[in-house]
Amino acid sequence: MKRVMSIQDISCVGKCSLTVALPIISAMGMECSIVPTAVLSTHTQFSDFTFRDLTDDMEPIKEHWKKEGFKFDAIYTGYLGSKRQIDIVADYFDTFKKDDNVIIMDPAMADNGQLYAGFDEVFAKEMSKLCGKADIILPNISEASLMLGVKYPGEDASIDEVKDLLLKLAKFGPKHAVITGVELEDGKFGFMGYDTEKEEFYSYGNEKVDMKSHGTGDVFASTFTGALMNDKSVYEALKIAADFTRAAILNTYNDPDSVDYGVNFEKEIPFLVDLIEST
């Protein structure tokens, strides 16, 4: 059985980060080993949530795993809460990166052109440096713009603007730079990527569901990681992630009893299994 390391926070209630990564990756037939960077009572959509910073535990976890000789087929990171955590994760990459595994980064730190609370331009710059150690990066348009230090083109950025961002992201050093949440030319909504070795762009989208929800980027990145570990190509894994994320959003949109703090990805797990088996 393949093993994925996921480094991000965990919310006791709320569908994001490890609360999403652990069940999705496990459902796809992988062992998901976690490095929790913080524990929150709920995710940040709620007010007055509790927060326990686990930065001091990250280094001892790494040293214990190193001593035990654990190996990982993928290392997947999401939300990181501080520059210190970025530095520790960089050391995780250096320690556990092998020729036959892959590092996947979702630099979760911004939406709608704005950094999340507690982050600044210095943090974005440090995150861009960490992307240089990754094989595949999955920012949205906001995160790409902020890491590059360029003007935010808006969520409806043109294809040419997205391609320009991708070419700049490629200079960080990943094998694949992928921007999520892209309005495509055919009126569909999805992703656009750039293969730095082949020097080729690629994209895929579905009909847009007019709904915004917390954690959809985590659903996408977790599904992509699991699909890639099921021996799908990067493009196939991205396509599976896009289809599953849309299904989860559509299920939530059509469910009168859905919660307002996440999408019904659990209801669509059978569809995800079918996608893996049929692709």
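Not measured: the values here are computed from a predicted model.

A. Focus on the overall build of the protein chain. When helices and strands are tallied, the protein chain shows 9 helices and 11 strands. Dimensions of the protein chain, computed from C-alpha atoms along their principal axes, come out at roughly 50 × 45 × 40 Å. Counting the 279 residues in the protein chain, one finds 53% classified as buried. Of the contacts formed within the protein chain by residues at least 6 apart in sequence, a portion of 67% connects residues at least 24 apart. For the protein chain, the exposed area adds up to about 12800 Å²; of that, 49% sits on carbon and sulfur atoms.

B. Layout of the environment of Ser158. Within the element layout of this structure, Ser158 appears in the loop between α5 (141-148) and α6 (159-170). Separated by 133 residues in the primary sequence, Ser158 and Ile25 have C-alpha atoms spaced 33 Å apart.

C. A look at the sheet that holds strand β2 (residues 31-42). Taken together, 9 strands build an open sheet; the order of strands is β3-β2-β1-β4-β5-β8-β9-β10-β11 and the sheet is mixed. Of all the strands in the sheet, the pair left with one neighbour each is β3 (51-53) and β11 (200-206). Two elements, strand β4 (residues 74-77) and strand β5 (residues 102-105), share 4 bridges in a ladder whose sense is parallel. Of the residues in β5, the one forming a bridge with Thr77 is Met105.

D. Expanded view of the packing of aromatic side chains. Taken as a whole, this structure holds 14 aromatic pairs when the rule is applied. With 6.2 Å between their ring centres and 40° between their planes, Phe191 and Tyr204 make a pair best called tilted. Taken together, the residues span a long stretch of sequence, with Phe191 in strand β10 (residues 189-195) and Tyr204 in strand β11 at a distance of 13 residues. Taken individually, Phe191 and Tyr204 each receive the classification buried, so the pair is uniform in this respect. Where Tyr194 meets Phe201, the ring centres are 4.8 Å apart and the plane angle is 50°; that geometry is what we call tilted. Looking at Tyr194, the relative accessible area reads 9%, which means it is buried. On the basis of relative accessible area, Phe201 is assigned to the partly exposed category, the value being 33%. Feature note: the residues Trp65, Phe70, Phe72, Tyr92 and Phe96 constitute an aromatic cluster, connected by ring pairs. In this structure, Lys163 is placed above the aromatic ring of Phe201, and the distance from its NZ or CZ to the ring centre is 5.1 Å. Seen from the ring of Phe189, Lys208 lies directly overhead, with NZ or CZ sitting 4.7 Å from the centre.

E. Highlighting the side chain of His43. On the secondary structure map, His43 appears in the loop between β2 and β3. For His43, a relative accessible area of 1% corresponds to the buried category. Within polar-contact distance, the side chain of His43 engages the backbone oxygen of Tyr261 at 2.8 Å.

F. Representation of the packing of helix α8 (residues 234-253) against helix α9 (residues 269-278). Contact pair α8 / α9: the axes reach a minimum separation of 10 Å and the direction vectors enclose 160°. Between α8 and α9, the angle is such that the two are roughly antiparallel. Between α8 and α9 lies a crossing whose hand is right-handed. Side by side, α8 and α9 meet where Ile240, Asp243, Phe244 and Ala247 of the first sit next to Ile269, Phe271, Leu272, Leu275 and Ile276 of the second. In the contact of α8 with α9, the residues fall into 8 nonpolar, no polar and 1 charged.

G. Summary view of a negative patch on the surface. On the surface, a cluster of negative charge is made up of Asp156, Asp160, Glu161, Glu185 and Asp186. Relative to the elements of secondary structure, Glu185 occurs in the loop between β9 (176-183) and β10.

H. Representation of the pairing of β5 in the model. In β5, alternate side chains face the same way, and those of Val102 and Ile104 on one face and Ile103 and Met105 on the other are all buried. The sheet contact formed by β5 and strand β8 (residues 136-137) spans 2 bridges and is parallel. Opposite Ile104, over in β8, you have Ile136 as the bridge partner.

I. Representation of the pairing of β10. In terms of burial, β10 is a largely internal element, 6 of the 7 residues being buried. Here β9 runs beside β10; their pairing, made up of 7 bridges, is antiparallel. Looking at the pairing, Ala177 lines up with Tyr194 of β10. Taken together, β9 and the strand that follows it, β10, pair antiparallel across an intervening segment of 5 residues, in which Gly187 is found at a positive phi of about 85°. Inspection of the sheet shows β10 paired to β11 by 7 bridges, in the antiparallel sense. Its bridge partner lying in β11, Asp195 is registered against Glu200. What sits between β10 and β11 in their antiparallel hairpin is a turn of 4 residues, with Glu199 showing a positive phi close to 55°.

Cut-off values and rules
Residues numbered from 1 in each chain as written. Predicted model: local features only at pLDDT ≥ 70, side-chain atom pairs only at ≥ 80, totals over all residues. Heavy atoms only, no water. Helix = DSSP H or I, 4+ residues; strand = E, 2+ residues; numbered from the N terminus. Buried < 20%, exposed > 50% of the residue type's maximum accessible area, 1.4 Å probe, protein only. Contact = heavy atoms within 4.5 Å. Areas by Shrake-Rupley, 256 points an atom, 1.4 Å probe, with all protein chains shown as cover. Pairing = 2+ DSSP bridges. Phe/Tyr/Trp six-rings, centres within 6.5 Å; stacked < 30°, edge-to-face > 60°. Lys NZ or Arg CZ within 6 Å of the ring centre and 35° of its normal. Polar contact = N/O pair within 3.5 Å; in protein donor to acceptor, adjacent residues only side chain to side chain. Axes fitted to C-alpha atoms, helices over the stretch in contact; angles between N-to-C directions. Parallel < 35°, antiparallel > 145°, perpendicular 65-115°, else oblique. Left-handed = near helix turned anticlockwise from the far one by under 90°. Nonpolar A, V, L, I, M, F, W, Y, C, P; charged D, E, K, R; others polar. Patch = residues over 30% accessible without salt bridge, like charges linked within 9 Å, V, L, I, M, F, W, Y side chains within 5 Å. Salt bridge = Lys/Arg side-chain N within 4 Å of Asp/Glu carboxyl O. Lys, Arg positive; Asp, Glu negative; His and termini not counted. Charge placed at Lys NZ, Arg CZ, Asp CG, Glu CD.

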